[in-house]
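Chain by chain, the residues:
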Amino acid sequence: MSDVLVKNVKYGGNPEHKKNPGDFELTPPSSPRTAKSLCDTVEIFTKKAAIAHIKAGLRKGMISEQMKGKWPQNIWAVTRDGTPLEAQLENPDTGMYHGYPMPESDPFSHEVIKEWKIRDKKD
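A few points on the structure.

What counts and what doesn't
- Residues numbered from 1 in each chain as written.
- Predicted model: local features only at pLDDT ≥ 70, side-chain atom pairs only at ≥ 80, totals over all residues.
- Heavy atoms only, no water.
- Pairing = 2+ DSSP bridges.
- Helix = DSSP H or I, 4+ residues; strand = E, 2+ residues; numbered from the N terminus.
- Contact = heavy atoms within 4.5 Å.
- Axes fitted to C-alpha atoms, helices over the stretch in contact; angles between N-to-C directions.
- 1 Å grid on protein atoms, 1.4 Å probe; cavity = no way out; pocket = protein on both sides within 12 Å on 5 of 7 lines; lining within 4 Å.
- Points joined across faces, edges and corners; volume = space filled by probe spheres on them.
- Buried < 20%, exposed > 50% of the residue type's maximum accessible area, 1.4 Å probe, protein only.
- Salt bridge = Lys/Arg side-chain N within 4 Å of Asp/Glu carboxyl O.

This part is about the sheet that holds strand E1 (residues 10-11). Read from one edge of the open sheet, 4 strands run E1-E6-E5-E4, paired in mixed fashion. For this open sheet the edge positions go to E1 and strand E4 (74-78), each flanked by a neighbour on one side alone. Here E4 pairs with strand E5 (residues 84-91) via 5 bridges, running antiparallel. From the neighbouring strand, Val78 faces E5, where its bridge partner is Pro84. Contacts from helix H3 (residues 107-122) reach E4 and E5, with the element oriented near 65° to E4.

Structure, rendered in structure tokens:
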């Protein structure tokens, strides 16, 4: 993936995926919904940690085929403990994403883990 995209990608966050407001500066700071997966469950409490996962997914080419301008609609990554994450494009003009842990019930989450492992071996 383009170094320019990795350098310029941004993380905005979404209060629906936060119980702990961390340093995300969201309005409202947190507004967890029962139907949404929470970043708290994978201990992502800072923008720095969130953006690091998004950049790792970009570097490995873990992106959707659907593009909005120069940005992929989705970027996937996997935490050190093996939890798959998904980031969705919020703003194609700025490269702003929000992300969340993928539910285990999502069959695609298993594909993300499998592909991540394959690409990890190639790095």
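Within the structure shown, the criterion is met by 1 cavity of 30 Å³ or more. Taken as a whole, the largest cavity spans an internal volume of roughly 120 Å³. For the largest cavity, the lining is made up of 15 residues, of which His53, Ile54, Leu85, Gly99 and Tyr100 are closest to its centre. If you list the elements that add at least two residues to the lining of the largest cavity, you get helix H2 (47-59), E4, E5 and strand E6 (96-101).

Glancing now at the pairing of E6. For a regular strand, side chains alternate in direction, first toward one face of the sheet and then toward the other. When you tally the buried positions in E6, you get 5 out of 6 residues, the bulk of the element. The pairing of E1 with E6 spans 2 bridges and is classified as parallel. Residue pairing across strands places Lys10 opposite Met96, the latter belonging to E6. Strand direction decides the pairing type here: E5 and E6, joined by 6 bridges, are antiparallel. Its bridge partner lying in E6, Leu85 is registered against Pro101. Connecting the antiparallel pair E5 and E6 is a turn made up of 4 residues, with Gly95 showing a positive phi of about 75°.

What follows is about the pairing of E4. Within E4, 5 of the 5 residues are buried, which leaves the element mostly enclosed by the surrounding structure. Between E4 and E5, which pair antiparallel in sequence order, lie 5 residues; one of them, Gly82, sits at a positive phi of approximately 95°.

Attention now moves to the side chain of Asn74. Tracing the backbone shows Asn74 in strand E4. Residue classification places Asn74 among the buried positions, given a relative accessible area of 11%. In this view, Asn74 contacts Met62, Ile63, Ser64, Glu86, Ala87 and Gln88; residues no more than four positions away in its chain are not counted.

So, about the pattern of salt bridges. All chains considered together, the criterion is met by 2 salt bridges. Measuring nitrogen to oxygen at the nearest pair gives 2.9 Å for the salt bridge that ties Asp120 to Lys60. Here Asp120, found in helix H3, pairs with Lys60, found in the loop between H2 and strand E2 (67-68); they are 60 residues apart in sequence, far enough to count as distant. Residue Asp120 is classed as partly exposed on the basis of its relative accessible area of 43%. With a closest N to O distance of 2.6 Å, Glu115 and Arg119 form a salt bridge. In this pair, Glu115 and Arg119 are both assigned in helix H3, 4 residues apart and thus about one turn of the helix distant. According to the relative accessible area criterion, Glu115 is partly exposed, its value standing at 28%. Judged by its relative accessible area of 25%, Arg119 is partly exposed.

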